[in-house]
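Chain by chain, the residues run as shown.
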Amino acid sequence: MVSIGILLCVGMAGIFAGQVAPYDPVAIDSSLQLAAPSREHLFGTDAFGRDIFSRIIFGAKTALTIGVLASLFGCSIGAVLGMTSAYAGGVFDLLVQRVIDMLLCFPTIMMALVVVAILGKNQVHGLDLNLVYAIAIL
(Lines give C-alpha, C1' and ligand atoms only; values in the text may rest on other atoms or scores of the structure.)
Protein backbone atom coordinates (compact mmCIF):
# COMPACT_ATOMS: atom_id res chain seq x y z
CA MET A 1 0.00 0.00 0.00
CA VAL A 2 2.89 2.35 0.74
CA SER A 3 4.37 1.67 -2.70
CA ILE A 4 1.05 2.37 -4.40
CA GLY A 5 0.78 5.61 -2.45
CA ILE A 6 4.26 6.71 -3.50
CA LEU A 7 3.58 5.80 -7.14
CA LEU A 8 0.31 7.73 -7.08
CA CYS A 9 2.05 10.79 -5.62
CA VAL A 10 4.81 10.66 -8.23
CA GLY A 11 2.29 10.06 -11.00
CA MET A 12 0.07 12.94 -9.95
CA ALA A 13 3.08 15.23 -9.56
CA GLY A 14 4.24 14.25 -13.05
CA ILE A 15 0.81 14.76 -14.60
CA PHE A 16 0.28 18.12 -12.92
CA ALA A 17 3.93 19.23 -13.05
CA GLY A 18 3.07 22.75 -14.19
CA GLN A 19 0.87 23.32 -11.15
CA VAL A 20 2.97 21.43 -8.57
CA ALA A 21 6.49 22.64 -9.36
CA PRO A 22 7.30 25.83 -7.45
CA TYR A 23 9.74 27.19 -10.08
CA ASP A 24 10.36 27.04 -13.80
CA PRO A 25 12.73 24.06 -14.33
CA VAL A 26 14.79 25.83 -17.01
CA ALA A 27 14.95 29.32 -15.47
CA ILE A 28 18.56 30.24 -14.75
CA ASP A 29 19.41 32.43 -11.77
CA SER A 30 23.17 32.87 -11.43
CA SER A 31 22.82 34.33 -7.92
CA LEU A 32 21.52 30.94 -6.67
CA GLN A 33 24.26 28.69 -8.06
CA LEU A 34 24.73 25.53 -5.98
CA ALA A 35 22.50 26.78 -3.16
CA ALA A 36 21.96 24.37 -0.29
CA PRO A 37 18.51 22.92 0.37
CA SER A 38 16.24 25.45 2.05
CA ARG A 39 12.55 26.29 2.43
CA GLU A 40 12.58 28.11 -0.91
CA HIS A 41 14.48 25.36 -2.76
CA LEU A 42 13.71 21.99 -1.16
CA PHE A 43 16.52 20.09 -2.93
CA GLY A 44 18.76 23.11 -3.52
CA THR A 45 19.89 24.42 -6.90
CA ASP A 46 22.32 23.20 -9.54
CA ALA A 47 25.40 24.89 -11.01
CA PHE A 48 23.19 27.16 -13.15
CA GLY A 49 20.87 28.19 -10.30
CA ARG A 50 17.94 26.03 -11.46
CA ASP A 51 15.67 24.53 -8.81
CA ILE A 52 16.40 20.79 -8.55
CA PHE A 53 13.00 19.89 -7.05
CA SER A 54 11.16 21.48 -10.00
CA ARG A 55 13.45 19.70 -12.45
CA ILE A 56 12.75 16.35 -10.78
CA ILE A 57 8.98 16.90 -10.95
CA PHE A 58 9.12 17.79 -14.65
CA GLY A 59 11.50 14.83 -15.23
CA ALA A 60 8.95 12.50 -13.63
CA LYS A 61 6.46 13.48 -16.32
CA THR A 62 8.86 12.46 -19.09
CA ALA A 63 10.01 9.29 -17.34
CA LEU A 64 6.44 8.13 -16.67
CA THR A 65 5.39 8.82 -20.26
CA ILE A 66 8.33 6.90 -21.69
CA GLY A 67 7.78 4.00 -19.26
CA VAL A 68 4.07 3.68 -19.95
CA LEU A 69 4.41 3.96 -23.74
CA ALA A 70 7.35 1.52 -23.87
CA SER A 71 5.44 -0.99 -21.73
CA LEU A 72 2.35 -0.73 -23.91
CA PHE A 73 4.32 -1.11 -27.15
CA GLY A 74 6.51 -3.90 -25.78
CA CYS A 75 3.63 -5.91 -24.34
CA SER A 76 1.54 -5.48 -27.48
CA ILE A 77 4.33 -6.53 -29.82
CA GLY A 78 5.37 -9.39 -27.52
CA ALA A 79 1.82 -10.71 -27.22
CA VAL A 80 1.20 -10.65 -30.96
CA LEU A 81 4.60 -12.19 -31.74
CA GLY A 82 4.16 -14.87 -29.06
CA MET A 83 0.64 -15.81 -30.18
CA THR A 84 1.68 -15.89 -33.84
CA SER A 85 4.71 -18.02 -33.02
CA ALA A 86 2.67 -20.44 -30.93
CA TYR A 87 -0.07 -20.72 -33.53
CA ALA A 88 2.26 -21.15 -36.53
CA GLY A 89 4.71 -23.47 -34.77
CA GLY A 90 7.40 -25.31 -36.67
CA VAL A 91 10.20 -23.38 -38.34
CA PHE A 92 8.63 -19.96 -37.66
CA ASP A 93 8.42 -20.72 -33.94
CA LEU A 94 12.07 -21.83 -33.82
CA LEU A 95 13.16 -18.76 -35.79
CA VAL A 96 11.31 -16.39 -33.44
CA GLN A 97 12.80 -18.15 -30.40
CA ARG A 98 16.34 -17.86 -31.77
CA VAL A 99 15.92 -14.14 -32.59
CA ILE A 100 14.60 -13.46 -29.08
CA ASP A 101 17.48 -15.49 -27.60
CA MET A 102 19.95 -13.34 -29.57
CA LEU A 103 18.29 -10.14 -28.30
CA LEU A 104 18.48 -11.40 -24.71
CA CYS A 105 22.25 -12.02 -25.05
CA PHE A 106 23.05 -8.32 -25.14
CA PRO A 107 23.02 -6.09 -22.08
CA THR A 108 19.87 -3.97 -22.00
CA ILE A 109 21.56 -0.57 -21.85
CA MET A 110 23.96 -1.37 -24.67
CA MET A 111 21.13 -2.62 -26.87
CA ALA A 112 19.04 0.49 -26.19
CA LEU A 113 22.02 2.72 -27.05
CA VAL A 114 22.58 0.86 -30.31
CA VAL A 115 18.92 1.14 -31.31
CA VAL A 116 18.81 4.86 -30.51
CA ALA A 117 22.11 5.43 -32.37
CA ILE A 118 20.79 3.63 -35.45
CA LEU A 119 17.36 5.28 -35.46
CA GLY A 120 18.57 8.78 -34.55
CA LYS A 121 16.36 11.43 -32.96
CA ASN A 122 12.59 11.55 -33.50
CA GLN A 123 11.06 14.03 -31.08
CA VAL A 124 7.31 14.55 -30.88
CA HIS A 125 6.06 17.05 -28.28
CA GLY A 126 9.42 16.91 -26.48
CA LEU A 127 9.39 13.09 -26.25
CA ASP A 128 11.92 11.00 -28.17
CA LEU A 129 9.88 8.21 -29.77
CA ASN A 130 12.97 6.29 -30.83
CA LEU A 131 13.91 5.96 -27.16
CA VAL A 132 10.43 4.55 -26.50
CA TYR A 133 10.91 2.07 -29.38
CA ALA A 134 14.35 1.04 -28.09
CA ILE A 135 13.00 0.29 -24.64
CA ALA A 136 9.91 -1.43 -26.07
CA ILE A 137 12.02 -3.75 -28.22
CA LEU A 138 13.93 -4.87 -25.15
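Everything that follows concerns the structure shown earlier in this document.
Residues numbered from 1 in each chain as written. Predicted model: local features only at pLDDT ≥ 70, side-chain atom pairs only at ≥ 80, totals over all residues. Heavy atoms only, no water.

Caption draft 1: Quick look at unusual backbone geometry. One non-glycine residue, Leu 34, lies in the positive phi region at around 50 degrees. On the secondary structure map, Leu 34 appears in the loop between α2 (17-20) and α3 (52-88). (Helix = DSSP H or I, 4+ residues; strand = E, 2+ residues; numbered from the N terminus.)

Caption draft 2: Region of interest: the packing of aromatic side chains. What the rule picks out here adds up to two aromatic pairs. Relative to Phe 53, the ring of Phe 43 has its centre 5.2 Å away and its plane inclined at 90 degrees; by these criteria the two rings are edge-to-face. Of this pair, Phe 43 sits in the loop between α2 and α3 while Phe 53 sits in helix α3, placing them 10 residues apart in sequence. Since its relative accessible area comes to 44%, Phe 43 is described here as partly exposed. Seen in terms of ring centroids, Phe 73 and Tyr 133 are 6.1 Å apart; in terms of plane orientation they differ by 40 degrees. Their pairing is tilted. Taken together, the residues span a long stretch of sequence, with Phe 73 in helix α3 and Tyr 133 in helix α6 (residues 129-137) at a distance of 60 residues. (Phe/Tyr/Trp six-rings, centres within 6.5 Å; stacked < 30°, edge-to-face > 60°. Buried < 20%, exposed > 50% of the residue type's maximum accessible area, 1.4 Å probe, protein only.)

Caption draft 3: Expanded view of the layout of surface pockets. Taken as a whole, the largest pocket spans an internal volume of roughly 370 Å³. In this structure, the largest pocket is lined by 14 residues; those nearest its centre are Ile 100, Leu 103, Ala 136, Ile 137 and Leu 138. For the lining of the largest pocket, the secondary structure elements donating two or more residues are α3, α4 (90-105) and α6. Classifying every residue of the lining of the largest pocket by side-chain character gives 10 nonpolar, four polar and no charged. (1 Å grid on protein atoms, 1.4 Å probe; cavity = no way out; pocket = protein on both sides within 12 Å on 5 of 7 lines; lining within 4 Å. Points joined across faces, edges and corners; volume = space filled by probe spheres on them. Nonpolar A, V, L, I, M, F, W, Y, C, P; charged D, E, K, R; others polar.)

Caption draft 4: Examining the pattern of salt bridges more closely. Scanning the entire structure with this criterion turns up two salt bridges. With its nearest N and O atoms 2.8 Å apart, the salt bridge here joins Asp 46 to Arg 50. Each member of the pair, Asp 46 together with Arg 50, is buried. Between Arg 98 and Asp 101 there is a salt bridge whose closest N-O contact spans 3.6 Å. Linking Arg 98 with Asp 101, this pair stays in helix α4, spanning three residues, or about one helical turn. Since its relative accessible area comes to 38%, Asp 101 is described here as partly exposed. (Salt bridge = Lys/Arg side-chain N within 4 Å of Asp/Glu carboxyl O.)

Caption draft 5: Region of interest: the packing of α3 against α4. Direction vectors running N to C along α3 and α4 enclose 145 degrees, while the axes themselves pass 7 Å from each other. Across from Leu 81, Thr 84, Ser 85 and Ala 88 in α3, the residues of α4 making contact are Gly 90, Phe 92, Asp 93, Val 96 and Ile 100. The residue inventory of the contact of α3 with α4, partitioned by class, reads five nonpolar, three polar and one charged. (Axes fitted to C-alpha atoms, helices over the stretch in contact; angles between N-to-C directions. Contact = heavy atoms within 4.5 Å.)

Caption draft 6: Highlighting a nonpolar patch on the surface. The grouping of Val 68, Leu 72, Phe 73, Ile 77, Phe 106, Met 110, Val 114, Ile 118, Leu 119 and Tyr 133 at the surface amounts to a nonpolar patch, some 950 Å² of accessible area in total. Elements with a contribution of two residues or more to the nonpolar patch: α3 and α5 (108-119). Structurally, Ile 118 can be placed in helix α5. Residue Ile 118 is classed as exposed on the basis of its relative accessible area, which comes to 67%. (Patch = residues over 30% accessible without salt bridge, like charges linked within 9 Å, V, L, I, M, F, W, Y side chains within 5 Å. Areas by Shrake-Rupley, 256 points an atom, 1.4 Å probe, with all protein chains shown as cover.)

Caption draft 7: Up close: helix α1 (residues 2-15). If you check α1, its first and last C-alpha atoms are 20 Å apart, about what 14 residues at 1.5 Å a residue would give, namely 20 Å. Turning to α1, its buried residues number three or more, namely Gly 11, Ala 13 and Gly 14. Angular distribution of buried residues about the axis of α1 spans 165 degrees; they occupy a single face of the element. More than 90 degrees from the buried face of α1, the exposed residues found are Val 2, Leu 8, Cys 9 and Ile 15. Tucked inside the fold, the buried residues of α1 contact α2 and α3. (Expected span 1.5 Å × (residues − 1). Arc of directions from axis to C-beta.)

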